[in-house]
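# Coordinates in review
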Amino acid sequence: MTEEFPAPGMTLTRLLVVSDLERAKRWYRDVLGAEVQGEYGGTSCVLRFLDAWLLLVTGGPPTSDKPTVTFAAPDDPDRVMAELIIGVPDCHSAHATLTARGARFLASPVEYDWEIRAFFRDPDGHLFEISERRSGPLPEDATHDR
């Protein structure tokens, strides 16, 4: 018997490794507005943000179920392997709100024909983007503009 995948009721959680769990929990709660759903053993915190789950964990060595994997917070915030993109109805307004809450943006919002966007980081360097979609056409090489 083959199980349907993905199936109704499944969820996706984004795990982020942080260096200081309390600092990260405060930032996600107070700056982003995420809701703390639970904390476990002083090494992890589950948050609900928009329609997504975020799991903040402290780093650690390999375990029996992931014998070659070490969890570590980013060591160079200028080298990005993933980012979280938040679609917003008004990028300038979201930028102002998040700035007032303590978010530090890399630059002011930049306007393109197809979107307005701005980037910021959490305290450990995980990259976030706020993006307001516009009606202009996407250029053929829009993925290279990331």
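Preceding this paragraph is the structure being described.
Residues numbered from 1 in each chain as written. Predicted model: local features only at pLDDT ≥ 70, side-chain atom pairs only at ≥ 80, totals over all residues. Heavy atoms only, no water.

## As for the layout of surface pockets
Stated precisely, the cut-off is as follows: Throughout, the protein atoms alone are placed on a 1 Å grid, and a set of points is a cavity if a 1.4 Å probe fits but cannot get out or a pocket if it is open with protein on both sides within 12 Å along at least five of seven lines; lining residues have an atom within 4 Å of a point. Grid points are joined across faces, edges and corners, and a volume is the space filled by probe spheres set on the points. Note on conventions: DSSP H or I runs of at least 4 residues are helices, E runs of at least 2 residues are strands, and numbering of each starts at the N terminus. Put simply, Ala, Val, Leu, Ile, Met, Phe, Trp, Tyr, Cys and Pro go in the nonpolar bin, Asp, Glu, Lys and Arg in the charged bin, and everything else, Gly too, in the polar bin.
Empty space within the largest pocket amounts to approximately 470 Å³. As for the largest pocket, its lining consists of 18 residues, and the residues nearest its centre are Ala72, Pro74, Arg79, Met81 and His126. Estimates place the volume of the second largest pocket at around 200 Å³. Those elements that provide at least two residues to the lining of the second largest pocket are β5 (83–87) and α2 (91–101). With 5 residues, the single largest contributor to the lining of the second largest pocket is α2. For the lining of the second largest pocket, the residue count by class is 9 nonpolar, 3 polar and 2 charged.

## Here's the deal with the sheet that holds β5
Our working definition: Any two strands are treated as partners once DSSP identifies two or more bridges connecting them. Contacts were defined at the residue level, with two residues in contact if any of their heavy atoms lie within 4.5 Å. Angles here are taken between N-to-C directions and fall from 0 to 180 degrees, while the axes themselves are lines fitted to C-alpha atoms, restricted in helices to the stretch in contact.
The mixed open sheet is built from 4 strands, whose spatial order is β5-β8-β7-β6. Each edge of the sheet is formed by a strand with only one pairing partner; in this case those strands are β5 and β6 (110–111). Looking at chain direction, strand β7 (residues 115–121) and strand β8 (residues 127–133) are connected through 7 bridges and run antiparallel. Bridge pairing links Glu115 to Arg133 in β8. Across the sheet, α2 lies against β6, β7 and β8, angled at about 20 degrees from β7, the strand it touches most.

## Details of the environment of Phe105
Short version of the rule: Note on exposure labels: buried denotes an accessible area under 20% of the residue type's maximum, exposed denotes more than 50%, and partly exposed covers the range between, all computed with a 1.4 Å probe on protein chains only.
Along the polypeptide, Phe105 turns up in the loop between α2 and β6. Residue class for Phe105 comes out buried when judged on its relative accessible area of 17%. With 24 residues separating them along the chain, Phe105 and Glu129 place their C-alpha atoms 9.3 Å apart. Those residues within four positions of Phe105 in sequence are excluded, and the remaining contacts are His95, Leu98, Thr99, Ala118, Phe119, Phe120 and Ile130.

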